Amino acid sequence: MKKICWLALVLWVGGNGGSRGATRPPVYLANPLQGTDSVGSYSHGNTYPAIALPFPMNVWAPYTQPQRDSFFYQYRQTRIRGIRQTHQPSPWIGDYANFALMPVSGRLVVREDERASDFRHESEEAQPSYYRVRLDTWQATVEVTPTERAARFRFTYENDAAAYVVLDAFAQGSRVTILPEASKIIGVCRNNNGGVPGNFSNYFVMEFDRPFAAFGTWTPGGVHEGQSQLAGEHVGAFVRFETQGNRVVGCKVASSYLSPEQAERNLAREIGDADFDTVRRRAEDAWNGLMGRLQVTGGTEEAQRTFYSAVYRSFLFPHRLHEWDAQERPVYFSPYDGQVHAGFMYTDTGFWDTFRAAHPLYNLLVPEVSGEIMQGLVAAYEQSGFLPSWSSPGHRDCMIGNHAFSLLADAWVKGITNFDARTALDAMVHDANTQAPSRCHSIGRDGAEFYQQHGYVPTRQREATAKTLEFAYDDFCAAVFALAQGRANDAAGFRHNAMNYTNVFDPQVGFMRGRDEAGNWREPFDPTEWGGPFTEGNAWHWTWSVFHDVPGLIRLLGGDAAFADKLDGVFYTPPVVNVGSYGTMIHEMTEMVAANMGQYAHGNQPIQHLPYLYNYAGQPWKTQARVREVMTRLYHPTPDGFCGDEDTGQMSAWYVFSALGFYPVCPGTTEYLIGSPLFDRATIRLPDGRQFVVTANRNGPLRPYIESATLNGAAFEKIYLTHKQITAGGELVFNMTSAPNYKWAVEPGQRPGSALEALHPAPR
Ligand code: CA
């Protein structure tokens, strides 16, 4: 056997007690440029370098593309057009409420194609809490460091040529006011991509550290020297500084969705007199505090970088929408009704992606944030009549399912109960029985009435079979939640509908399949055909979306051996693509082919839990091998480091859980399926101060298999962990090996049962 040099890199031991210098804090291991080498037709993540705190309201990012291009930072481009405040969750959703700052020197140019500067990645530095780039064209450097709602900028000019900062408030209605006596610019930007009421505004304020030598406003049509105020479709401002003797210009910026006064409050509250380095240190501390809740040792240096990059990306979304008023109470502008409300509100996430692993990760590590997110869900229902599915910042028409049900149920079963559960359950009952409004098919249910009467969504609705499967899972979550609230009647109805997945399984072909109103199966059938009754996938991908009743799915597929063979079929069927109703190769298809794992398409969400399903059929060694393969082959801490869209933390949260050694296949239950731990040791610091340690003895790149395990010193022979076992604290020890152990945790009694049957003990 080839001998592997397995480096045990001990990095950053301890939270505040770790000595810097000797070890590197995890914030330095995270790479915000991961996933930025993407274009619309091929995604290596479709990310941008988000310079921000965890769960921020505002994010800061350089951009290389025209402002209207939502693929706005492309790693292979060579010119930067500005540093923008952004809120974009995904290029497919687009940005809103953005404005940008850009230094220029020597001559004043304001339009983004003229002010754009050459830059090189060698003179670019990106960390979650800090970004710096030299703008070669202007011989100037820009640096930025964030707070939740504000940022500090530093502009360094290399010579005494005229030094400018240009503000671009962008199109769709903007306003700027220059206050030279206060060295300030205030204004409003109103750009958005839908999902907001007419009174939506982003009020910004920026204060420079010295007087303006000159100033003016601009529109794309021209510059107005000396003018201090301008409003219009697309306006901006510029200021010039005297830099002789001091070429470093400081600036602090904040914004608010509430009012100019609140923007000033956010600036004073989050930055005040703190200088650049102080703000940067606080931002580093915030990230290290969060990242320090997951401490790993061993593995390769690349794996450690990938891990902390994944932790960073897991916690960038959802964005806080609330701000803190003069009495230190949370208040927010609601994108659902255009009113100001007290309380918490989060946005910029698609639950279709994030219910799977991102929200379960928050429920484990930051339950205090999850509680606020749940309060925001209930508030969104009260203000708009529907629970959100994809918000940015209001309801957006994107993707399928009612996965707020999953978020609420998963939070509840993990002890997060500080929200209005009665209203939450009322919302589930309403949404499950209400046809989606024509303006937004992602809320309520397309085909709700037919689904309630006949148990599936017929193919006259788009993506009908995918919707049936996800509604059935969401009905399971609602049943869990209703039982917890003591509402047995509601629970019984939801529990009944959670079986509806069986109505779209065709035993003749052995796959989930489209079905019309008369009950006829959709013809012709090709399991490699994308679209039609499925969403961004084919029957190979969607047949497994029965998170809540895997034993039931195993029975449909003919038992353990046949089920495992079918799982093998996903990996061993060549990655051929029938483009189906898409008519052309969409990027998810291209990425599946490139990943070269057969029909397994880790680049998109529907199938990401599949490697863990072998556990339910008594073949856990296949889970261990596949999970390890995905972690090491498809994730890297580099600009091309993802195998498809990252999607607001989901792709990263999959990695975080998998690297720890377990994964929440069915959110809404308390079980985590065992995979293959990546590191020699991972310490989870739980919110109450306890620790849960996962140790993997004799681990290595060619030793992904589990030989045996102990939990707190006693033999551990289950293929799943419970939430309680983790939160109790303790140590799970795996003994790793290079060959499968066909005997460990393979018996039926060592597997999780059907979560649905646990709610529904009567025989079928
Ligand atoms: Ca996706």
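Fair warning: this is a prediction, and the values are worked out from it, not measured in the lab.

Peer 1: Can you walk me through the sheet that holds strand 36 (residues 730-737) in this structure?
Peer 2: For sheets, the rule is that strands pair by backbone hydrogen bonds, running either parallel or antiparallel. Taken together, the six strands give an open sheet; going across it, the order is 19-31-32-36-33-34, and neighbouring strands pair in mixed fashion. Whereas interior strands pair on both sides, the edge strands pair on one side only; in this sheet they are strand 19 (294-297) and strand 34 (714-715). Pairing geometry for strand 32 (residues 691-697) and strand 36, over six bridges, is parallel. Bridging across to strand 36, Ala-696 finds its partner in Phe-734.

Peer 1: I would appreciate a short explanation of helix 11 (residues 464-484) in the present structure.
Peer 2: An α-helical turn contains 3.6 residues, so a residue and the one three or four places further along point in the same direction. With 21 residues, helix 11 ought to run about 30 Å at 1.5 Å a step, and its terminal C-alpha atoms sit 30 Å apart, in line with that. Taken across its 21 residues, helix 11 has 19 buried, putting it largely inside the fold. Two residues or fewer after helix 11 comes Gly-486, characterised by a positive phi angle close to 75°.

Peer 1: In this structure, what is going on with the packing of aromatic side chains? I would like to understand it.
Peer 2: Any pair of aromatic rings gets described here by the distance separating the centres and the angle formed by the planes. Within the structure shown, the criterion is met by 48 aromatic pairs. Where Phe-200 meets Phe-333, the ring centres are 6.1 Å apart and the plane angle is 55°; that geometry is what we call tilted. Residue Phe-200 is found in the loop between strand 12 (184-189) and strand 13 (202-208), and its partner Phe-333 is found in strand 22 (residues 330-333); the two are separated by 133 residues along the sequence. Residue classification places Phe-333 among the buried residues on the basis of a relative accessible area of 6%. Ring geometry for Phe-419 and Phe-481: centres 6.1 Å apart, planes at 15°, overall stacked. Of this pair, Phe-419 sits in the loop between helix 8 (404-413) and helix 9 (421-432) while Phe-481 sits in helix 11; the two residues are 62 residues apart in sequence, bridging distant segments of the chain. With respect to burial, Phe-419 and Phe-481 carry one shared label: buried. Among the aromatic residues, those joined into a cluster by ring pairs are Tyr-612, Tyr-635, Phe-642, Trp-654, Tyr-655, Phe-657, Phe-662, Tyr-663 and Tyr-672. Above the plane of the ring of Phe-276 lies Arg-154, whose end atom (NZ or CZ) is 4.1 Å from the centre.

Peer 1: Can you help me understand the nonpolar core in this one?
Peer 2: Membership of the largest hydrophobic core comes to 216 residues, with the highest contact counts inside it found for Phe-153, Phe-208 and Phe-307. No other element matches helix 11, which puts 13 residues into this core. Lining this core are residues from two domains, each supplying at least three of them: domain 1 (51-291) and domain 2 (303-698 + 754-759). Setting aside chain neighbours within four positions, we find Phe-153 in contact with Trp-60, Ile-83, Leu-101, Val-142, Glu-143, Val-144, Val-249, Gly-250, Cys-251, Val-253 and Phe-276.

Peer 1: Can you walk me through the domain arrangement of the protein in this structure?
Peer 2: Where interface size is given, it is often the accessible area lost as the parts come together that is meant. Each assigned domain of the protein is listed here: domain 1 (51-291) and domain 2 (303-698 + 754-759). For domain 1 and domain 2, the distance between their C-alpha centres works out to 36 Å. With 36 residues of domain 1 in contact, the opposing surface of domain 2 contributes 41 residues. Both sides of the domain 1 and domain 2 interface together cover about 3,200 Å² of buried area, and 63% of this is carbon and sulfur.

Peer 1: Any chance you could explain the coordination of the calcium ion here in plain terms?
Peer 2: Only Asn-604 (OD1), Gln-605 (OE1) and Asp-647 (OD) from the protein coordinate the calcium ion, and they sit 2.2 to 2.4 Å from it. Motif for the calcium ion, donor spacing along one chain: N-Q-x41-D. Considered together, Asn-604 and Gln-605 belong to a single accessibility category, that of buried residues.

Peer 1: What should I look at first to understand the pattern of salt bridges in this one?
Peer 2: Oppositely charged side chains are able to pair whenever their charged atoms sit close together. In this structure the tally under the stated criterion is 41 salt bridges. In this structure, the salt-bridge partner of Glu-148 is Arg-149, at a minimum N-O distance of 3.0 Å. A relative accessible area of 0% places Arg-149 in the buried class. Look at the salt bridges and you will find they share partners, linking Arg-120, Arg-134, Asp-136 and Glu-158 into a network.

Peer 1: It is not clear to me how the side chain of His-587 should be interpreted in this structure. Could you clarify?
Peer 2: Locating His-587 in the fold gives a position in helix 16 (residues 587-595). Given the relative accessible area of 7%, His-587 is considered buried. At 3.0 Å, the side chain of His-587 forms a polar contact with the side chain of Glu-588. At 3.4 Å, the side chain of His-587 and the side chain of Asp-645 are in polar contact. Aside from chain neighbours lying at most four places away, what touches His-587 is Gly-40, Ser-41, Tyr-42, Ser-43, Trp-92 and Asp-645.

Peer 1: Sorry if this is basic, but what is going on with helix 4 (residues 301-314) here?
Peer 2: Here helix 4 spans 20 Å end to end across 14 residues, near enough to the 20 Å set by a 1.5 Å rise per residue. Burial analysis of helix 4 places eleven of its 14 residues in the buried class, the great majority of the element. Taken together, the buried positions of helix 4 are occupied by Ala-303, Gln-304, Thr-306, Phe-307, Tyr-308, Ser-309, Ala-310, Val-311, Tyr-312, Arg-313 and Ser-314. Next to the buried residues of helix 4 lie helix 3 (276-291), strand 19, helix 6 (358-365) and helix 18 (650-660).

Peer 1: Is there a simple way to think about the sheet that holds strand 4 (residues 99-105) in this case?
Peer 2: Strand order in the open sheet made by the seven strands is 1-3-4-10-17-14-15, with antiparallel pairing throughout. Edge positions in the sheet fall to strand 1 (59-63) and strand 15 (222-225), since each has one partner strand and no second. Direction aside, neighbouring strands of the sheet carry axes that sit 25° apart on average. Bridge analysis of strand 14 (residues 214-219) against strand 17 (residues 236-241) gives five bridges, and the strand direction is antiparallel. Paired with Phe-215 across the strands is Val-239, a residue of strand 17.

Peer 1: Can you help me understand the packing of helix 8 against helix 9 in this one?
Peer 2: Helices that pack against each other are described as a pair by the angle of their axes relative to one another and the distance between those axes. Two elements in contact, helix 8 and helix 9, have axes whose closest approach is 11 Å; the angle formed by their N-to-C orientations is 150°. Judged on the interaxial angle alone, helix 9 and helix 8 are roughly antiparallel. Of the two possible hands of crossing, helix 8 and helix 9 adopt the one that is left-handed. Contacts from Phe-405, Leu-408 and Trp-412 in helix 8 reach Ala-421, Ala-424, Met-428, Asp-431 and Ala-432 in helix 9. Taken together, the residues of the contact of helix 8 with helix 9 sort by class into seven nonpolar, no polar and one charged.

Peer 1: Quick question: what am I supposed to make of the pairing of strand 17 here?
Peer 2: Every other side chain in a regular strand lies on the same face of the sheet, so the side chains alternate between the two faces. Strand 17 sits mainly inside the fold: five of its six residues count as buried. Here strand 10 (residues 163-168) runs beside strand 17; their pairing, made up of six bridges, is antiparallel. Pairing of Ala-163 across the sheet is with Phe-241, part of strand 17.

Peer 1: I would appreciate a short explanation of the environment of Thr-543 in the present structure.
Peer 2: Secondary-structure assignment places Thr-543 in the loop between helix 13 (539-542) and helix 14 (550-556). For the pair Thr-543 and Val-504, spaced 39 residues apart in the sequence, the C-alpha separation amounts to 9.4 Å. Dropping the residues within four chain positions of it, Thr-543 is found in contact with Phe-511, Met-512 and Leu-553. Only 3.1 Å separates the side chain of Thr-543 from the backbone nitrogen of Met-512, close enough to count as a polar contact. Of note is the side chain of Thr-543, whose polar atom sits 2.6 Å from the backbone oxygen of Ala-539.

Peer 1: Teacher, can you tell me more about unusual backbone geometry here?
Peer 2: Trans is the prevailing form of peptide bonds, just as negative phi is the prevailing case for residues other than glycine. Here the bond from Ser-392 into Pro-393 is cis, since omega is -15°, no more than 30 degrees from zero. Of note, Pro-393 is situated in the loop between strand 26 (390-391) and helix 8. Backbone torsion omega between Glu-523 and Pro-524 reads -15°, so that peptide bond is classified as cis. Residue position: Pro-524 is located in the loop between strand 28 (511-512) and helix 13. With phi around 75°, Gln-172 is a residue other than glycine that occupies positive phi space. Inspection of the secondary structure assignment puts Gln-172 in the loop between strand 10 and strand 11 (174-179). In the Ramachandran plot, Ser-183 falls in the positive-phi region, its phi being about 55° despite a non-glycine side chain. Note that Ser-183 resides in the loop between strand 11 and strand 12.

What counts as what
- Residues numbered from 1 in each chain as written.
- Predicted model: local features only at pLDDT ≥ 70, side-chain atom pairs only at ≥ 80, totals over all residues.
- Heavy atoms only, no water.
- Pairing = 2+ DSSP bridges.
- Helix = DSSP H or I, 4+ residues; strand = E, 2+ residues; numbered from the N terminus.
- Expected span 1.5 Å × (residues − 1).
- Buried < 20%, exposed > 50% of the residue type's maximum accessible area, 1.4 Å probe, protein only.
- Phe/Tyr/Trp six-rings, centres within 6.5 Å; stacked < 30°, edge-to-face > 60°.
- Lys NZ or Arg CZ within 6 Å of the ring centre and 35° of its normal.
- Core = buried A, V, L, I, M, F, W, Y, C linked by side-chain atoms within 4.5 Å.
- Domains from an automatic or database assignment.
- Contact = heavy atoms within 4.5 Å.
- Buried area = accessible area lost by both parts, 1.4 Å probe.
- Donors = N, O, S within 2.8 Å, 3.2 Å for Na, K, Ca; no water.
- Salt bridge = Lys/Arg side-chain N within 4 Å of Asp/Glu carboxyl O.
- Polar contact = N/O pair within 3.5 Å; in protein donor to acceptor, adjacent residues only side chain to side chain.
- Axes fitted to C-alpha atoms, helices over the stretch in contact; angles between N-to-C directions.
- Parallel < 35°, antiparallel > 145°, perpendicular 65-115°, else oblique.
- Left-handed = near helix turned anticlockwise from the far one by under 90°.
- Nonpolar A, V, L, I, M, F, W, Y, C, P; charged D, E, K, R; others polar.

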